Amino acid sequence: MMKNIIKYIAVFAIVFAFASCEEDSNFKDSDIALTAVYSITDITGTDAPFKVNIYKQKNIITVYTTKFNLDSYASSGFIDASTDTNYEVTVNKLENNATINFVLSADKTTGQGTLTIDGSAVFNVKVSEEEVYN
């Protein structure tokens, strides 16, 4: 009787040991990281986009035409001349073989400022510094 109990315990322990082994994942580890951006929201003006993100460390500008529709563009000439009190950013959006100049100027305390596109279209905006996944 005692031998049967020991056999059952041994078999149970072996089955449990094999069943608890971890399988290798079929998914590779994610390489997604947070990236710093200037996030431009509350854009007012004619034909204004919903939101614009200017990436600080990558040559990318994303423009949300609506809350859910996103267009991504290459950028060049990023200059961040921000001070302790003001955002002062200049960057070029590259779109269909054209270069569109963005000049962002805003107060760091309130975030209120302007976005000037190609020297003519001026939009009132709110600016914040955020991190987004990219």
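Presented here is a report on the structure given in the accompanying data block. Since the model is a prediction, treat every value here as computed from it, not as a measurement.

### Some words on the overall build of the protein
Of the regular secondary structure elements, the protein holds 1 helix and 8 strands. For the protein, the N- to C-terminal ordering of α and β elements is α-β-β-β-β-β-β-β-β. Overall, the C-alpha framework of the protein stretches about 95 × 35 × 25 Å when taken along its three principal axes. When burial is assessed residue by residue, the protein has 28% of its 134 residues classed as buried. Contacts in the protein between residues at least 24 apart in sequence constitute 30% of all its contacts with a sequence separation of at least 6. Taken as two groups, the 10 positive and 17 negative side-chain charges of the protein have centres that lie 12 Å from each other.

### Side note on the environment of A81
In this fold, A81 is placed in the loop between β4 (70-80) and β5 (86-95). Overall, the relative accessible area of 46% leaves A81 in the partly exposed class. Separated by 19 residues in the primary sequence, A81 and T62 place their C-alpha atoms 21 Å from one another.

### Some points on the side chain of N92
Positionally, N92 belongs in strand β5. Here the side chain of N92 touches N101 through a polar contact of 3.0 Å, side chain to side chain.

### Focus on the sheet that holds strand β6 (residues 98-107)
Overall, antiparallel pairing links the 8 strands, which are arranged β1-β2-β3-β4-β5-β6-β7-β8 in a closed barrel. The sheet shows a mean angle of 35° between the axes of neighbouring strands, taken without regard to direction. Where strand β1 (residues 34-44) meets strand β2 (residues 51-55), 4 bridges bridge the pair, whose relative direction is antiparallel. When the bridges of β2 are listed, I40 appears paired with V52.

### So, the pairing of β6
As paired strands, β5 and β6 are joined by 10 bridges and run antiparallel to one another. Bridged to L94 within β6 is T99. Linking β5 to β6, which pair antiparallel, is a turn of 2 residues; within it N96 sits at a positive phi near 50°. Alignment of β6 against strand β7 (residues 112-117), held across 5 bridges, turns out to be antiparallel. Bridging from a neighbouring strand, F102 pairs with I117 of β7. Taken together, β6 and the strand that follows it, β7, pair antiparallel across an intervening segment of 4 residues, in which G111 is found at a positive phi of about 80°.

Quick notes on the rules
Residues numbered from 1 in each chain as written. Predicted model: local features only at pLDDT ≥ 70, side-chain atom pairs only at ≥ 80, totals over all residues. Heavy atoms only, no water. Helix = DSSP H or I, 4+ residues; strand = E, 2+ residues; numbered from the N terminus. Buried < 20%, exposed > 50% of the residue type's maximum accessible area, 1.4 Å probe, protein only. Contact = heavy atoms within 4.5 Å. Lys, Arg positive; Asp, Glu negative; His and termini not counted. Charge placed at Lys NZ, Arg CZ, Asp CG, Glu CD. Polar contact = N/O pair within 3.5 Å; in protein donor to acceptor, adjacent residues only side chain to side chain. Pairing = 2+ DSSP bridges. Axes fitted to C-alpha atoms, helices over the stretch in contact; angles between N-to-C directions.

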